[in-house]
Amino acid sequence: MARVSIGDNLVPKESFGEIRDDLAKNESISSSSEGIKFKKQITLLDGVAIIVGVIVGAGIFVSPKGVLIHSGSVGQALIVWILSGLLSMVGALCYAELGKNLPKAICISMPVVTIIYVIANVAYFTVLTPDEMLSSEAVAVTFGDKMLGYMAWLMPFFVACSTFGSLNGAIFSSSRLFFVGARNGHLPAAISLINVHCFTPIPSLIFLGIISLVLLFIPNIYALINYVTFVEALFTLMSISGLLWLRRTQPKTERP
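Residues numbered from 1 in each chain as written. Predicted model: local features only at pLDDT ≥ 70, side-chain atom pairs only at ≥ 80, totals over all residues. Heavy atoms only, no water.

Caption draft 1: Just the packing of aromatic side chains, in detail. All chains considered together, the criterion is met by 4 aromatic pairs. Between Phe178 and Phe207, the aromatic rings sit 5.0 Å apart at their centres with planes inclined by 90°, giving edge-to-face as the arrangement. Remark: Phe207 occurs in helix H10 (residues 202–215) and Phe178 occurs in helix H9 (residues 154–183); sequence separation between them is 29 residues. Overall, Phe207 belongs to the partly exposed group, its relative accessible area being 29%. (Phe/Tyr/Trp six-rings, centres within 6.5 Å; stacked < 30°, edge-to-face > 60°. Helix = DSSP H or I, 4+ residues; strand = E, 2+ residues; numbered from the N terminus. Buried < 20%, exposed > 50% of the residue type's maximum accessible area, 1.4 Å probe, protein only.)

Below, the structure is given as structure tokens:
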């Protein structure tokens, strides 16, 4: 393992043996006389794939029911989806300065996600009545049973594939968030460790896995969606507000 702390200038130091040969073989890691660190590099296609993959997970197959319950009508539900897409794009653009290709990736992926969600909901509302949607445990499965006949098994299969893709992207990004938080002293230092053979933040991945397993014990999926969305939106609002405040009060401060 290689550990990083605040006093290490945010670069994990080597420990437990020489790893220079391994570093030379891995393009995702950059090395120097100061230690090892992840490269801040992501292509436009990678950015679009990660953003779209993380957002379009299992929620699109379940959440339309919850939106319809609280919106009260089909038309208002569609308006909610469109406005949510616009709001998400505005919020995402506040993080655009964190990567070279990130602004373009956001401008491409967020409209794509919004279109996908709106079209999916239009399909649901065209085939299913509001009562059928409200009585369904999984809207997409009910939609598949009604439209696909004996091939209805394809819908759960594609739901599983979409969930797998979303989870893969979430693990890729979220584990790095815990890693960076620990690296800056906001979480236990053990989470800032990097495996010197796989070049991945394994303690951060383990920490993320434990949290995910705990959330699986919550039986009400809609309560889980509401609570997680609220907490995520709250911290996103705090981050954006802090960014705007620092831009106003400390405009000349060097940014990472």
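Caption draft 2: How the structure looks around the nonpolar core. In terms of nonpolar packing, the biggest core is built from 30 residues, with Phe61, Tyr124 and Met133 touching the most fellow members. Breaking this core down by element, the ones donating at least two residues are helix H2 (44–55), helix H3 (59–62), helix H4 (64–71), helix H5 (74–93), helix H6 (102–127), helix H8 (139–147) and H9. Contact partners of Tyr124, with chain neighbours within four places excluded, come to Ile60, Phe61, Pro64, Met133, Val139, Ala140 and Phe143. (Core = buried A, V, L, I, M, F, W, Y, C linked by side-chain atoms within 4.5 Å. Contact = heavy atoms within 4.5 Å.)

Caption draft 3: The environment of Ile116, seen in detail. Mapped onto the elements of the fold, Ile116 is located in helix H6. Residues Ile116 and Val52, 64 residues apart in the sequence, show an inter-C-alpha distance of 9.9 Å.

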